[in-house]
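Structural features, examined
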Amino acid sequence: MSSFNNCIKFDLDIKEKNIVFKDYFYKMVQMKKHKIYEAELIQPACPYCGSLALLHNGHLVTNIRYLTANASLPVIIRLAKQRVKCRACDHWSMAQSELVNKYCSISNASKLKVLSALTEDRSMTSIARENNVSINTVQRVLGNCSHRFIDSYEYLPAHLAFDEFKGGDRQLHFICLDGDSHQVVQILRTRYKKTLLKYFGRFSPQARANVKTVTMDLNFYYQDIVRACFPNAQIVIDRFHMIQMLTRSFNSLRVQVMKTFDKRSRQYQLLKSPWKLYLKKFDELEKVHPRYNWHYKDCLTQAQVVTEGINTSTALENSYNLMQSFIQAVETGNTHELKSLINCQDQIGTLMHKTLLTFKHNLTAVLNGAALPYSNGCLEGFNRKIKQIERTAFGYSNFTNLLTRIRLEEDLYKEKEPNSLLMTA
């Protein structure tokens, strides 16, 4: 083998012994400069009987797009594949190589590079431009990975987290994560109760009995699914959603009380402009250094502003104290205090009262949320990653492509070599 052939193989990282490089040159193709390598693919033996007695009958020349470090200078391997006839078994055959699949003009190395880029938060257009392939090629590489993520119905984690996210065609899709490892268990096209019961019903009774806790928001039919499918599971309401409901109820009451005053009054300005202070913990408010505010024309500390603001209404003051005590009880895991707050009979406003009735209806799950360390924080973070994937691609109309892209961008597949995912691409 010549040193010229070995140098080109080393430069292109090609280890195929049956490929022999003969020459290279530059050529303008479609108004763009390309680097062309000429090579021959030799057929050493008959693929049917292994005989070496072959009759050569010309070549089939194929232009193969190969990966390059410089995207402005595409590389093409002009590969001449030998056509042969076996003298022993009379079979016709053509030389095949691991460099490129049969009936394909894009090298497997280029597809592996495209697949590696698909594990990053990048658009398909930029990936296609960098690898000198079409967007349809990138989509085909993505589509060839969709069947690799096969579900197993023999095991379920002990701690699950349920939620939904908005995906293709503005529809809500169901997502389930492992509460310990934070890995995706399943993403379903819809979040309908019938679909979820059918999916979890496919698991063996032993797998469903293994589930100990299921963390969720206050979606009522998720609880029905847990009771129907997981006999040993405890329902855990996410702490963030509990506090969010409470703060929204208080904020709505604050606006109602504020609108009862004149817009130029001091009470109105105390309740309107510093609205963010009412949603903070009282212990985190500034209590030493007062600051002047031109809205209410006074120099007050943050604690003084909140105290004077809630004193404008008895219901507002009771609701604020209830919200602060509820947040502290959730953080410390004090279930006895939490239970007494939920059964509060003070004047707290209509919406706040409805929120406490909701907590009272789901009392066991709410107390589990405060007592147990599991939450939907990992799921909310993963949903944020999904939103970024959709934003980069300007949305997905195909749910399968979105699902495959989400799976590829998981850390689990970033750390592994993509060769096993692209054997049939």
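A few points on the structure. (Residues numbered from 1 in each chain as written. Predicted model: local features only at pLDDT ≥ 70, side-chain atom pairs only at ≥ 80, totals over all residues. Heavy atoms only, no water.)

Focus on the nonpolar core
Within the largest apolar cluster, 63 residues are counted, with the highest numbers of intra-cluster contacts made by Phe-162, Phe-200, Val-214, Phe-230 and Phe-326. No other element matches the nine residues that helix α11 (residues 314-332) contributes to this core. Once residues within four sequence positions are removed from consideration, Phe-230 is found in contact with Leu-156, Leu-160, Phe-162, Phe-200, Arg-208, Val-211, Val-214 and Ile-225. Judged by nonpolar contacts, the second largest core, of 48 residues, contains Ile-14, Ile-77, Ile-175 and Ile-406. (Core = buried A, V, L, I, M, F, W, Y, C linked by side-chain atoms within 4.5 Å. Buried < 20%, exposed > 50% of the residue type's maximum accessible area, 1.4 Å probe, protein only. Helix = DSSP H or I, 4+ residues; strand = E, 2+ residues; numbered from the N terminus. Contact = heavy atoms within 4.5 Å.)

Comments concerning the layout of surface pockets
Approximately 520 Å³ is the volume found for the second largest pocket. Taken together, 24 residues line the second largest pocket, and the ones lying closest to its centre are Ile-150, Asp-151, Val-184, Val-185 and Arg-407. Where the lining of the second largest pocket is concerned, the elements lending two or more residues are β8 (184-188), α16 (399-408) and α17 (411-414). By residue number, the principal contributor to the lining of the second largest pocket is α16, which donates four residues. (1 Å grid on protein atoms, 1.4 Å probe; cavity = no way out; pocket = protein on both sides within 12 Å on 5 of 7 lines; lining within 4 Å. Points joined across faces, edges and corners; volume = space filled by probe spheres on them.)

Re empty space enclosed by the protein
For the coordinates displayed, the defined rule picks out one cavity of 30 Å³ or more. Considered as a void within the structure, the largest cavity measures approximately 40 Å³ in volume. For the lining of the largest cavity, the secondary-structure elements that each account for two or more residues are β3 (54-66) and β4 (75-86). Here the residues of the lining of the largest cavity sort into four nonpolar, three polar and one charged. (Nonpolar A, V, L, I, M, F, W, Y, C, P; charged D, E, K, R; others polar.)

Quick notes on the sheet that holds strand β7 (residues 172-178)
The strand order across the open sheet formed by five strands is β8-β7-β6-β9-β10, and the pairing between neighbours is mixed. Every other strand in the sheet has two partners, leaving β8 and β10 (234-237) as the edge strands with one partner each. Between one strand axis and the next, the sheet turns by 20 degrees as a mean value, whatever way the strands run. Note that strand β6 (residues 159-166) and β7 share seven bridges and pair antiparallel. Note on β7: the bridge partner recorded for Glu-164 is Phe-174. Its contacts with the sheet place helix α15 (residues 377-392) against β6, β7 and β8, and it is angled at close to 30 degrees to β6. Those strands touched by α16 are β6, β7 and β8, and its axis lies near 165 degrees from that of β8. (Pairing = 2+ DSSP bridges. Axes fitted to C-alpha atoms, helices over the stretch in contact; angles between N-to-C directions.)

Quick notes on the packing of helix α5 (residues 193-201) against helix α7 (residues 220-229)
One can describe the packing of α5 onto α7 by two numbers: an axis separation of 10 Å at closest approach and a directional angle of 25 degrees. Taken together, α5 and α7 sit at an angle that is classed as roughly parallel. Read as a crossing pair, α5 and α7 show a hand that is right-handed. Packed against α5, whose contacting residues are Lys-193, Leu-196, Leu-197 and Phe-200, the element α7 presents Tyr-221, Tyr-222, Asp-224, Ile-225, Ala-228 and Cys-229 at the interface. For the contact of α5 with α7, the residue count by class is eight nonpolar, no polar and two charged. (Parallel < 35°, antiparallel > 145°, perpendicular 65-115°, else oblique. Left-handed = near helix turned anticlockwise from the far one by under 90°.)

With respect to the packing of aromatic side chains
For the structure shown, the criterion picks out 19 aromatic pairs. Judged by centre distance (6.1 Å) and plane angle (80 degrees), the rings of Phe-21 and Tyr-37 are edge-to-face. Of this pair, Phe-21 sits in strand β1 (residues 19-29) while Tyr-37 sits in strand β2 (residues 32-41), placing them 16 residues apart in sequence. Centroid distance Phe-162 to Tyr-222: 5.9 Å. Interplanar angle 80 degrees. Geometry classified as edge-to-face. On the criterion of sequence distance, the pair formed by Phe-162 in strand β6 and Tyr-222 in helix α7 is long-range, its members being 60 residues apart. The rings of Tyr-153, Phe-162, Phe-174, Tyr-199, Phe-200, Phe-203, Phe-220, Tyr-221, Tyr-222 and Phe-230 are connected pair by pair, giving a single aromatic cluster. For the cation-ring pair, Lys-33 lies above Tyr-26, with the distance from its terminal atom to the ring centre recorded as 4.7 Å. Directly above the ring of Phe-282 sits Lys-287, whose terminal nitrogen or CZ lies 4.9 Å from the centroid. (Phe/Tyr/Trp six-rings, centres within 6.5 Å; stacked < 30°, edge-to-face > 60°. Lys NZ or Arg CZ within 6 Å of the ring centre and 35° of its normal.)

Section: the side chain of Asn-293
Note that Asn-293 resides in strand β11 (residues 291-293). Within the local environment of Asn-293, its side chain forms a polar contact with the backbone nitrogen of His-295, the two atoms lying 2.7 Å apart. (Polar contact = N/O pair within 3.5 Å; in protein donor to acceptor, adjacent residues only side chain to side chain.)

Points about the packing of α11 against helix α12 (residues 335-342)
One can describe the packing of α11 onto α12 by two numbers: an axis separation of 8 Å at closest approach and a directional angle of 150 degrees. By the criterion of interaxial angle, the relationship of α11 to α12 is roughly antiparallel. The two elements α11 and α12 meet at a crossing, and its hand is left-handed. Mapping the contact onto sequence places Leu-322, Ser-325, Phe-326, Ala-329 and Val-330 in α11 and Glu-337, Leu-338, Leu-341 and Ile-342 in α12. Here the residues of the contact of α11 with α12 sort into seven nonpolar, one polar and one charged.

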